[in-house]
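Here is how the chains run, residue by residue.
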Amino acid sequence: MLARRILLRLLQAVPTLIGVAVLVFVLVRVVPGDPVAMMIPPGASPDDVRRLHALYGLDRSIPAQFALWAEQAVTGNFGISITTRQSVTGLILGRLPATLELVALATLIAVVLGVALAVLGTRRAGRAGEVAVDAFAGFALAVPDFLWGLAFIVGFGVLLPLLPISGRADPTQAIAASSGFILIESLARLRFAAAGDVLAHMLMPATALALPLAAMIARVLKASLAEQMGQDYALLARVKGFSPLHVIVAEALRNAAIPTVSLTGVQVTFLVGGTVLIERIFSYPGIGNLAIDAVINRDLPLIQGLIITFAVLFILINLALDLSYAALDPRLRRG
Amino acid sequence: MGLTRRELTRREVTRRGLVAGGVALGMGSMLVPARRAGADAGSVSIAYNVGLPSWDPTVGPSAVNPTIQAIYQSVFDQYVGQNPDLSFTPGLLEKWGWNAAGTEVWMDVRKAVVWHDGTPLTPEDVRWSLTRAGDPKSGNPIQFIWGNLSGFKIDGQRVTAQAKQFDPVLFKWMAFLTGYVLPRAYYEKVGPEGFEKKPVGTGPYMVDAYERNAFLRLKANPHYWGGKPAIDTVVFKFVTDASARVAEIESGASDVTLEIPYEEFDRLKKKPGLKGVTTPISDIGMIFITNVAPMLDENVRQAMVHAVDKKLLVDKLLRGYGVPIDTLEAPQYEAFDPSIRTPHDPKLAVEYLKKSGFSKSKPVKFTIQTTRGFKPKDYEMIQAIVGMWRNVGIHADIEVYEIAKHFELRMAHKLAPAAFYNWGNAIGDPTTSTGFAMFGPSPHSAWKTKDVDALIGPLWGERDEAKRIAGWKAVDRYVAEHALVLPLLQYVQPIVHKDTVKVVPSISGSLQPARFTRA
């Protein structure tokens, strides 16, 4: 049943991906910015310009270029990057683990912090604690993630230099990793010093990404918890003598979680988009940073490959979200 | 179902304890203050302003990116070297020249040079590199220069080649974009992808580790023909965000950084332990004038030029970090002529406009295009210039575009009547400044008229060097007298470094770690 459901969702995603591919392909070719114009040096003649257009296949019609690209793309080959002259698929797969680890850590921080704030706010309802939680959530929401990033750089990178400002790991040290998931691999191989170094590099960008999402989770979950705490089962638990914290965590939290999970899933997709700026600010070598370079250099094959990758990520996150609903709400498991 | 405490075996308790302890240690190491750069006396970290897209310095867009050349020049050697003052010096060629007829070039390849993989550099490497660069299929953007050579012959250390035409700048290009010697045997063995993974050059540094968009770690080449560099390990951190570069140097995480806002440069250089150095570089800010209405009216162009107070722009917007210029030749270029002047004279500008019936109440109108944030204060500078123009009777609307659009429009000769741009010329020759910016057939020129082309045309193949330079000065004078372009300023490169490192800036803008020493 579950496998069929997953398969169905994946099949539904195919037209979406085709639509995205066509749209992106046409858009990146009609917006101003010729990649060949970016690289012609002083003294190049119109013949040189034509030669470079032909070299990169840009002299063909857009439908002809798309047909060629689509033929390769169905086999997972997104062509060759104009800037680096390397396989787009290889470039993206090489950077994707860094972004996935960053997004995963940011989501973890957001969920832990958001839930903690919501529980604290519910526990301290009507008192100064709730006001403080609401104020923090409001502030965290009002400040965009890239500003948090810059504030962290000044705070914990310069004034109180506790954490590294740029990169994914200390460039003077060699971190041996056979996969791109160097944090997960370091932890799995019990290389804690390496894991600590990688985590130190990720902490500021991940927290900057996480704070607005944590604030959103805190607000929605707190509202849901307040509603659940007024339900009969919660009142009964209180009458039975359970502490308010126990009732919140053990009784109300699960029932209050569904709208929060829904919101988190949607927001995580935005969080993936947020990596573009955050990775740039922290010089973090993920696909967000790669995307900015691709756009600056008008590297059309790389832009296309990256947008398809982002689209696939969004689809997979939404699929995971649907499945998590079923896990949380038994009624949905029966369809 | 999880294990209960009773169900845990001693072994599991020990294992979990070890893991927990390890995690605690790892977390603890996170909170130890971030490692200071240069803690190791033989290491220098540079917070660098661009990344490195590709390791092949002869193909693709990165091959013509001037800022990336510093990295290439650390790992590879050029045919001809260049000193910080733009003068030329032997590189992998010890001597070079043309035959008397100007139909053949000869190049003496340096002896006793080894590639980073230990194999010797041979004249065949030079022949292969030049042949490959001249092959239209190679993707070398400068192919039109290298394609001039063919019929290579090797005799001992000497390589000769036939030239289709005499080119007075050919050997200068050998110290410029794509002028690098690559190892034939190694490249053919590993292929382009293998070369990207493990590049091999003859340069002062060898690649130790490289992570795209993150960092590059280099180790000094102990067998370098020019002597082992003073700094053993150099780390280029690719920090493309200027505020992050400021934070890198201020926090001590990097030893050197460059291309930061001038306000930050002035602040940082006063901090204990940091020093600042500025150098005028071979990069100028200018306004292209396109030969369309209303620019076909010389009075309008003259008014545009004379209304702009370049010194004020430099002093107020760039905090004095810039050199006002009147031609496309910066003072360090070969054809620079200080006698060519286009002084700020708003009254004269008003008179010029009056001749064509324009005034403050009846201004001439056109669009000026500019980038925003591509160069220091570019948009602000154009705003100020538009204000200066308004005071004499010119009403210009500002259109902001991306640099990619500028290139596309310029190539198609569709720029607005006025368009701001910056022009680099690291070899300082007039062909690569005035020549390509003003010669009509060039895809880079905006003013395309036969009178200018007639002046420039004969200079491309001029064999008398003194006559050639004098010819270019005459072109610059003609261009200035007829206000065919509006040169603004020569940019200044700000570099901040720790006082423990001695940095040698270069007019080309190429910050080469091989020139670093310990202070």
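Sequence order sets the numbering: in each chain, residues are counted from 1 along the sequence as written. All chains are assigned letters beginning with A, and all ligands numbers beginning with 1, in the order in which they are written. Two thresholds apply to this predicted model, a pLDDT of at least 70 for residue-level local features and 80 or more for giving and counting side-chain atom pairs, whereas whole-chain, interface and lining totals are computed over all residues. Side-chain calculation: all heavy atoms of the structure are included, whereas hydrogens and water are not.

### Details of the sheet that holds strand β5 (residues 104-109) of chain B
Residues and elements named next belong to chain B. By this definition, two strands are paired if DSSP reports at least two bridges between them. By definition, any uninterrupted DSSP run of H or I lasting at least four residues is a helix, any uninterrupted run of E lasting at least two residues is a strand, and each is numbered from the N terminus. The strand order across the open sheet formed by 4 strands is β4-β5-β7-β6, and the pairing between neighbours is antiparallel. Every interior strand has two partners, whereas the edge strands, β4 (93-98) and β6 (149-155), have only one. Strand-to-strand twist across the sheet, computed as the mean angle between neighbouring axes with direction ignored, equals 15°. Relative to strand β7 (residues 158-163), β6 is paired through 5 bridges, and the arrangement is antiparallel. Residue S150 lies in a different strand from β7, and its bridge partner there is Q162. Helix axes are fitted only over the stretch in contact, all axes being lines through C-alpha atoms; the angle between N-to-C directions runs from 0 to 180 degrees.

### Some details on the nonpolar core
Residues B:I287, B:W389 and B:M438 are the most contacted members of the largest nonpolar core, which totals 148 residues. Looking at which element gives the most residues to this core, the answer is strand β17 (residues 485-498) of chain B, with 8 residues. For this analysis, residues touch if any pair of their heavy atoms sits within 4.5 Å. In this structure B:I287 touches B:I368, B:I382, B:I385, B:W389, B:A418, B:A419, B:F420, B:V485, B:L486 and B:L488, once residues within four positions along its chain are discounted. With 71 residues, the next largest nonpolar core counts A:W69, A:F78, A:A214 and B:A247 among its residues. Throughout, nonpolar core names a set of buried Ala, Val, Leu, Ile, Met, Phe, Trp, Tyr and Cys residues whose side chains join them through atoms within 4.5 Å. The cut-offs for exposure are 20% and 50% of the maximum accessible area for each residue type, with area from a 1.4 Å probe on protein chains only; residues under the lower value are buried, those over the upper are exposed, and the others partly exposed.

### Considering the domain arrangement of chain A
Accessible area lost upon the coming together of the parts is a frequently used measure of interface size. Residue and element names in this part refer to chain A. One can read the domain layout of chain A as domain 1 (33-75) and domain 2 (89-334). Domain delimitation in this document rests on an assignment produced automatically or drawn from a domain database. In this structure, domain 1 and domain 2 have C-alpha centres spaced 40 Å apart. With 5 residues of domain 1 at the interface, the matching set in domain 2 holds 6 residues. Here domain 1 meets domain 2 over a buried area of about 460 Å², counting both sides, of which 70% is carbon and sulfur. Accessible surface is computed with a 1.4 Å probe, and the buried area is the amount of it that two parts give up when combined, taken over both parts together.

### Some details on the environment of A:R50
All names here are of chain A. Within the secondary structure, R50 sits in helix α3 (residues 46-55). You can call R50 exposed: its relative accessible area is 51%. For the pair formed by R50 and V36, sequence separation is 14 residues and the distance between their alpha carbons is 9.1 Å.

### Quick word on helix α6 (residues 184-197) of chain B
Residue and element names in this part refer to chain B. Expected span, for any helix, means 1.5 Å times one less than how many residues it has. With 14 residues, α6 ought to run about 20 Å at 1.5 Å a step, yet its terminal C-alpha atoms sit only 16 Å apart, falling short of that. Values of bend correspond, residue by residue, to the angle between axes fitted over the seven residues ending at that residue and the seven starting there. At G191, α6 shows its largest bend, some 105°, and a proline, P192, comes one to four positions later. Those residues of α6 not exposed but buried are Y186, Y187, G191, G194, F195 and E196. In this structure, the buried side of α6 is in contact with α3 (123-134).

### Topic: the pairing of strand β16 (residues 418-424) of chain B
Residue and element names in this part refer to chain B. For β16, the buried fraction is high: 6 of the 7 residues fall into the buried class. Where strand β14 (residues 364-370) lies against β16, 2 bridges are found, and the strand directions are parallel. Directly across from I368, in β16, lies its bridge partner A418.

### Examining the side chain of B:R245
All names here are of chain B. Among the secondary structure elements, R245 is positioned in helix α7 (residues 242-251). N or O atoms within 3.5 Å of each other form a polar contact, as long as, within protein, one can give a hydrogen and the other can take it, and as long as residues adjacent in sequence are counted only when both atoms are side-chain atoms. At a separation of 2.8 Å, a polar atom in the side chain of R245 contacts the main-chain carbonyl oxygen of V239. Non-local contacts of R245, meaning those with residues more than four positions away in its chain, are made with A47, Y48, N49, V239, T240, T257, L258, E259 and I260.

### Quick look at the packing of aromatic side chains
A pair of aromatic rings is counted whenever rings of Phe, Tyr or Trp (Trp by its six-membered ring) have centres within 6.5 Å, and the orientation is called stacked for planes under 30 degrees apart, edge-to-face for over 60 and tilted otherwise. Evaluated as defined, the whole model comprises 35 aromatic pairs over all chains. With a centroid separation of 5.6 Å and 90° between ring planes, the pair formed by A:F139 and A:W148 is classed as edge-to-face. On the numbers, 5.8 Å between centres and 80° between planes, the contact of B:F407 with B:Y421 is edge-to-face. Pair noted here: B:F407 is in helix α13 (residues 403-411) and B:Y421 is in strand β16, with a separation of 14 residues, a long-range link. By the burial criterion, B:F407 is buried, and B:Y421 matches it. Here the aromatic residues B:W55, B:Y72, B:F76, B:W128, B:Y180, B:Y186, B:Y187, B:F195, B:Y210 and B:F238 are joined through ring pairs into a cluster of three or more.

### A word on the packing of helix α11 (residues 244-281) of chain A against helix α12 (residues 287-296) of chain A
All names here are of chain A. Taken N-terminus to C-terminus, the directions of α11 and α12 make an angle of 90°; their axes are 7 Å apart at the nearest point. The orientation of α11 relative to α12 falls into the category roughly perpendicular. Residue-level contacts link T275, V276, E279 and R280 of α11 to I287, G288, N289, I292, D293 and I296 of α12. Here the term charged refers only to Asp, Glu, Lys and Arg, the term nonpolar to Ala, Val, Leu, Ile, Met, Phe, Trp, Tyr, Cys and Pro, and the term polar to all other amino acids, Gly among them. Here the residues of the contact of α11 with α12 are counted per class, giving 4 nonpolar, 3 polar and 3 charged. In these notes the angle categories are as follows: under 35 degrees is roughly parallel, over 145 is roughly antiparallel, 65 to 115 is roughly perpendicular, and the rest is oblique.

### Focus on the pattern of salt bridges
Residue and element names in this part refer to chain B. A side-chain nitrogen of Lys or Arg and a carboxyl oxygen of Asp or Glu constitute a salt bridge if their distance falls within 4 Å. Enumeration over the complete set of coordinates arrives at 34 salt bridges over all chains. The salt bridge partner of E124 is R127, with a shortest N-O separation of 2.7 Å. With E124 and R127 both in helix α3, this residue pair falls 3 residues apart, about one helical turn. Since its relative accessible area comes to 23%, E124 is described here as partly exposed. In this structure, the salt-bridge partner of K237 is E248, at a minimum N-O distance of 2.9 Å. Here E248 lies in helix α7 and K237 lies in strand β10 (residues 233-238), a separation of 11 residues in the sequence. For the pair shown, K237 and E248 are each scored as buried.

### Notes on the environment of A:Q65
All names here are of chain A. Summarising the element assignment, Q65 is placed in helix α4 (residues 62-73). We classify Q65 as buried; its relative accessible area is 10%. Apart from residues no more than four positions distant in its own chain, Q65 is found in contact with F25, R29, G57, L58 and R60. Engagement of the side chain of Q65 in a polar contact is seen with the backbone oxygen of R60, the distance being 2.8 Å.

### What about the interface of chain B and chain A?
The interface of chain B with chain A comprises 63 residues on the first partner and 58 residues on the second. Interface area, chain B with chain A, both sides summed: about 5000 Å², of which 64% is carbon and sulfur. Connecting chain B to chain A are 2 salt bridges. As a salt-bridge pair, B:E402 and A:R298 come within 3.3 Å of each other at their nearest N and O atoms. If you list the elements that add at least two residues to the side of chain B that touches chain A, you get α1 (10-31), α4 (143-146), β9 (215-220), β10, α7 and α13 of chain B. Element by element, the count of residues in the side of chain B that touches chain A is highest for α1(B), at 9 residues. Along the lines of polarity and charge, the residues of the side of chain B that touches chain A split into 33 nonpolar, 16 polar and 14 charged.

### Examining unusual backbone geometry
Residue and element names in this part refer to chain B. Residue P294 is bonded to the preceding A293 through a cis peptide linkage, with omega at 0°. Its location among the elements puts P294 in the loop between β12 (274-289) and α9 (298-307). Despite not being glycine, L86 shows a phi value in the positive range, around 80°. By the secondary structure assignment, L86 is in the loop between β2 (80-82) and β3 (88-90). Despite not being glycine, A483 shows a phi value in the positive range, around 50°. Looking at the element boundaries, A483 is found in the loop between α16 (465-481) and β17.

### Some remarks on a positive patch on the surface
Residues forming no salt bridge and having over 30% relative accessible area are the ones grouped into patches, like charges within 9 Å of each other and nonpolar side chains (Val, Leu, Ile, Met, Phe, Trp, Tyr) within 5 Å. In these tables, accessible area is a Shrake-Rupley quantity obtained with a 1.4 Å probe, and a residue counts as shielded only by the protein chains included in the view. Here Asp and Glu are counted as negative and Lys and Arg as positive; His is not counted, and neither are the chain ends. In plain terms, the charge of a residue is placed at NZ if it is Lys, CZ if Arg, CG if Asp and CD if Glu. Taken together, A:R123, A:R124, A:R127 and A:R238 make up a surface patch of like positive charges. By the element assignment, A:R123 lies in helix α5 (residues 88-123).

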